[in-house]
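The primary structure of each chain is shown beneath.
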Amino acid sequence: MKAIDFACRFLSRVQRDELSPAARLVLVAVGAGLEDKEDISRETGLSHSVCTTQLRLLNLRGEIRCISILAERYVLAPAGKERLRRLFDFHTPIHG
């Protein structure tokens, strides 16, 4: 699979996902290994207030879990891992 094929398929799946664009962006950032709210906000370009709102929403939905309230650090929860797995679960036909 070429990189452009991968990107198009991934973006197509992301677009059809039920989460808001901001929530999807935060979920993907946490899935990519960003744990700290400040890092997530900086890397996604979301304001601190939007980032906080999305982190709380995703936490309430069970997609992520807070591992440090004081440091505002988050990791994927099983539901978030499953959602990301579905976003990346596309197959290309094998050409023989």
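Right above here is the structure, for reference.
Below, the structure is looked at part by part. Quantities reported herein were computed from a predicted structural model and do not represent experimental measurements.

1. Things to note about the side chain of Glu 63
Here comes step 1: Along the chain, Glu 63 turns up in the loop between helix H4 (48-61) and strand E1 (64-68).
Here comes step 2: Here Arg 83 takes part through its side chain, which lies 3.0 Å from a polar atom of the side chain of Glu 63.
Here comes step 3: The contact partners of Glu 63, leaving out residues within four places of it in the chain, are Leu 27, Leu 58, Leu 76, Ala 77, Ala 79, Gly 80 and Arg 83.

2. A word on the state of the cysteines
Here comes step 1: What the rule picks out here adds up to zero disulfides.
Here comes step 2: Just so you know, Cys 66 is unpaired, no disulfide at all, and the nearest cysteine sulfur is the one on Cys 51, 12 Å from it.
Here comes step 3: By relative accessible area, Cys 66 is classed as partly exposed at 28%.

3. Side note on the environment of Phe 10
Here comes step 1: Structurally, Phe 10 is set in helix H1 (residues 3-16).
Here comes step 2: Taking C-alpha positions, Phe 10 is 14 Å from Pro 21, a pair spaced 11 residues apart along the chain.
Here comes step 3: Every residue in contact with Phe 10, bar those within four places of it in the chain, is listed here: Val 28, Leu 87, Phe 88 and Phe 90.

4. Quick notes on the packing of aromatic side chains
Here comes step 1: This structure, assessed with the given rule, holds three aromatic pairs.
Here comes step 2: Measuring from ring centre to ring centre gives 6.3 Å for Phe 6 and Phe 10, while their planes differ by 5°; the resulting arrangement is stacked. Of this pair, Phe 6 and Phe 10 both sit in helix H1, four residues apart, which is roughly one turn of that helix.
Here comes step 3: The class for Phe 6 is partly exposed, based on a relative accessible area of 36%.
Here comes step 4: Each ring, one from Phe 6 and one from Phe 88, has its centre 6.0 Å from the other, and the planes form 25°; the classification is stacked. Separated by 82 residues along the polypeptide, Phe 6 in helix H1 and Phe 88 in helix H5 (residues 78-88) bring together distant segments of the chain.
Here comes step 5: By the ring-pair criterion, three or more aromatic residues cluster together here, those being Phe 6, Phe 10 and Phe 88.

5. Focus: the pairing of strand E2 (residues 73-76)
Here comes step 1: In the sheet, E1 pairs with E2 via four bridges, with the strands oriented antiparallel. If you follow Cys 66 over to E2, its bridge partner there is Tyr 74.
Here comes step 2: Where E1 hands over to E2, the hairpin turn is made up of four residues, of which Glu 72 adopts a positive phi near 50°.

6. Here we look at the packing of helix H2 (residues 21-31) against H5
Here comes step 1: As a packed pair, H2 and H5 sit with axes 11 Å apart at the nearest point and diverge in direction by 100°. Taken together, the axis directions place H2 and H5 in an arrangement best described as roughly perpendicular. Only Gly 80, Arg 83 and Leu 84 of H5 make contact with H2, whose side of the interface consists of Leu 27, Val 28 and Gly 31.
Here comes step 2: Taken together, the residues of the contact of H2 with H5 sort by class into three nonpolar, two polar and one charged.

The rules behind these values
- Residues numbered from 1 in each chain as written.
- Predicted model: local features only at pLDDT ≥ 70, side-chain atom pairs only at ≥ 80, totals over all residues.
- Heavy atoms only, no water.
- Helix = DSSP H or I, 4+ residues; strand = E, 2+ residues; numbered from the N terminus.
- Polar contact = N/O pair within 3.5 Å; in protein donor to acceptor, adjacent residues only side chain to side chain.
- Contact = heavy atoms within 4.5 Å.
- Disulfide = S-S within 2.5 Å.
- Buried < 20%, exposed > 50% of the residue type's maximum accessible area, 1.4 Å probe, protein only.
- Phe/Tyr/Trp six-rings, centres within 6.5 Å; stacked < 30°, edge-to-face > 60°.
- Pairing = 2+ DSSP bridges.
- Axes fitted to C-alpha atoms, helices over the stretch in contact; angles between N-to-C directions.
- Parallel < 35°, antiparallel > 145°, perpendicular 65-115°, else oblique.
- Nonpolar A, V, L, I, M, F, W, Y, C, P; charged D, E, K, R; others polar.

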